[in-house]
Amino acid sequence: MKNYEIERKYLIHTPPEALETFPSHRIEQGYLCTDPVVRIRRQDDAYYLTYKSKGLMIREEYNLPLTEEAYLHLRTKVDGRLISKRRYLIPLDPYTIELDVFSSPKEGLMLAEVEFPTEEAALSFTAPDWFGEDVTTSPLYHNSNLSKL
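In this text the structure is predicted, and so the values were computed from the model without any measurement.

**Q** What is the right way to look at the overall build of the protein chain in this model?
**A** Check the secondary structure of the protein chain and you find three helices and eight strands. On C-alpha atoms alone, the protein chain measures out to a radius of gyration of 15 Å, which is about the 15 Å that the 2.2 N^0.38 rule sets for 149 residues. Overall, the protein chain is about 40 × 35 × 25 Å in size when its C-alpha atoms are taken along their principal axes. Looking at the protein chain as a whole, 44% of its 149 residues are labelled buried. With the model as given, the accessible surface of the protein chain reaches about 8,300 Å², and the carbon-plus-sulfur share is 52%. Each charge class in the protein chain was averaged separately, 18 positive and 24 negative side chains, and the resulting centres sit 7 Å apart.

Written out as structure tokens, the structure is:
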């Protein structure tokens, strides 16, 4: 069975008020390969290895759990820079906005992602007023490319 991720991504210039009141996660991630994308991630105290296919709005994605020891071993093999960010989870019925505020490699960069159940839902989505440009089709804002900065 294939797993697909259908999401749109937006550049954020001004975050919503009271951002700190929303649930959040500390994330560190690095890339072992960018074509195809093979990523390791620490999210709080959980560790994952992820494979993502090529694509912009719709991509195959597989997540496998890692132990902390495996993560730390693979972390030494990362190409490019580690990405560090805080991900805020902001409800937007029926979706959840994942707002990433980066501390590295591009401190202060803010990107919001919204995942959808279908391509039709993604294409008909109306972004909140505080969202900036839709950068879904710009590979410059893929985390795998940001890791090369």
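Having put the structure on the table, let's press on.
**Q** Before we go on, may I ask you to explain the packing of aromatic side chains in this structure?
**A** Ring pairs (aromatic) are described by centroid distance and by the angle formed between their planes. Under the definition given, this model contains eight aromatic pairs. Centroid distance tryptophan 130 to phenylalanine 131: 4.7 Å. Interplanar angle 75°. Geometry classified as edge-to-face. For phenylalanine 131, a relative accessible area of 9% puts it in the buried group. Linked through ring pairs, Tyr10, Tyr95, Phe116, Phe125, Trp130 and Phe131 together constitute an aromatic cluster.

**Q** Would you mind showing me how to read the nonpolar core here?
**A** Generally speaking, soluble globular proteins have nonpolar side chains that are buried together. Residues Ile12, Leu99, Val114, Phe116, Phe125 and Phe131 are the most contacted members of the largest nonpolar core, which totals 18 residues. Of all the secondary structure elements, the ones that give two or more residues to this core are strand E1 (4-11), strand E6 (79-92), strand E7 (95-104), strand E8 (110-115) and helix H2 (119-123). Leucine 99 has contacts with Ile12, Pro15, Pro16, Leu19, Arg86, Arg87, Tyr88, Ile90, Met110, Leu111, Ala112 and Trp130, leaving out every residue within four places of it along the chain. The next biggest cluster of nonpolar side chains, apart from the first, holds nine residues, and it includes Leu11, Val37, Leu111 and Leu146.

**Q** I keep staring at the environment of aspartate 79 and nothing clicks. Help me out?
**A** With respect to the element layout, aspartate 79 can be found in strand E6. Between the C-alpha atom of aspartate 79 and that of glycine 30, which follows or precedes it by 49 residues, the distance is 7.3 Å. In contact with aspartate 79, not counting residues within four places along its chain, are Tyr31, Leu32 and Ser147.

**Q** Teacher, can you tell me more about unusual backbone geometry here?
**A** The phi torsion of most residues other than glycine is negative, and most of the peptide bonds are trans. At the junction of aspartate 35 and proline 36, the peptide bond is cis and its omega measures out at 5° in the coordinates. Positionally, proline 36 belongs in the loop between strand E2 (24-34) and strand E3 (37-43). Its identity is not glycine, yet alanine 18 carries a phi of approximately 60°, on the positive side. Within the secondary structure, alanine 18 is located in the loop between E1 and E2. The backbone of aspartate 44 shows a phi angle near 55°, a positive value even though the residue is not glycine. Note that aspartate 44 resides in the loop between E3 and strand E4 (46-52). What makes aspartate 44 partly exposed here is its relative accessible area of 23%.

**Q** Would you take a moment to explain the side chain of glutamate 61 for this structure?
**A** With respect to the helices, strands and loops of the structure, glutamate 61 is situated in strand E5 (residues 58-66). A polar side-chain atom of glutamate 61 sits 3.3 Å from a polar atom in the side chain of asparagine 63. If sequence neighbours within four positions are ignored, glutamate 61 has contacts with Asn3, Glu5, Thr50, Tyr51 and Lys52.

**Q** Which parts of the structure should I look at to understand the side chain of arginine 59?
**A** Secondary-structure assignment places arginine 59 in strand E5. Here arginine 59 occupies a buried position and makes no salt bridge, while the nearest side chain of opposite charge, glutamate 5, is found at 4.3 Å. Beyond its immediate chain neighbours, meaning those up to four positions away, arginine 59 contacts Asn3, Tyr4, Glu5, Val37, Lys52, Ser53, Lys54 and His142.

Procedures and definitions
- Residues numbered from 1 in each chain as written.
- Predicted model: local features only at pLDDT ≥ 70, side-chain atom pairs only at ≥ 80, totals over all residues.
- Heavy atoms only, no water.
- Helix = DSSP H or I, 4+ residues; strand = E, 2+ residues; numbered from the N terminus.
- Rg over C-alpha atoms; globule rule 2.2 N^0.38 Å.
- Buried < 20%, exposed > 50% of the residue type's maximum accessible area, 1.4 Å probe, protein only.
- Areas by Shrake-Rupley, 256 points an atom, 1.4 Å probe, with all protein chains shown as cover.
- Lys, Arg positive; Asp, Glu negative; His and termini not counted.
- Charge placed at Lys NZ, Arg CZ, Asp CG, Glu CD.
- Phe/Tyr/Trp six-rings, centres within 6.5 Å; stacked < 30°, edge-to-face > 60°.
- Core = buried A, V, L, I, M, F, W, Y, C linked by side-chain atoms within 4.5 Å.
- Contact = heavy atoms within 4.5 Å.
- Polar contact = N/O pair within 3.5 Å; in protein donor to acceptor, adjacent residues only side chain to side chain.
- Salt bridge = Lys/Arg side-chain N within 4 Å of Asp/Glu carboxyl O.

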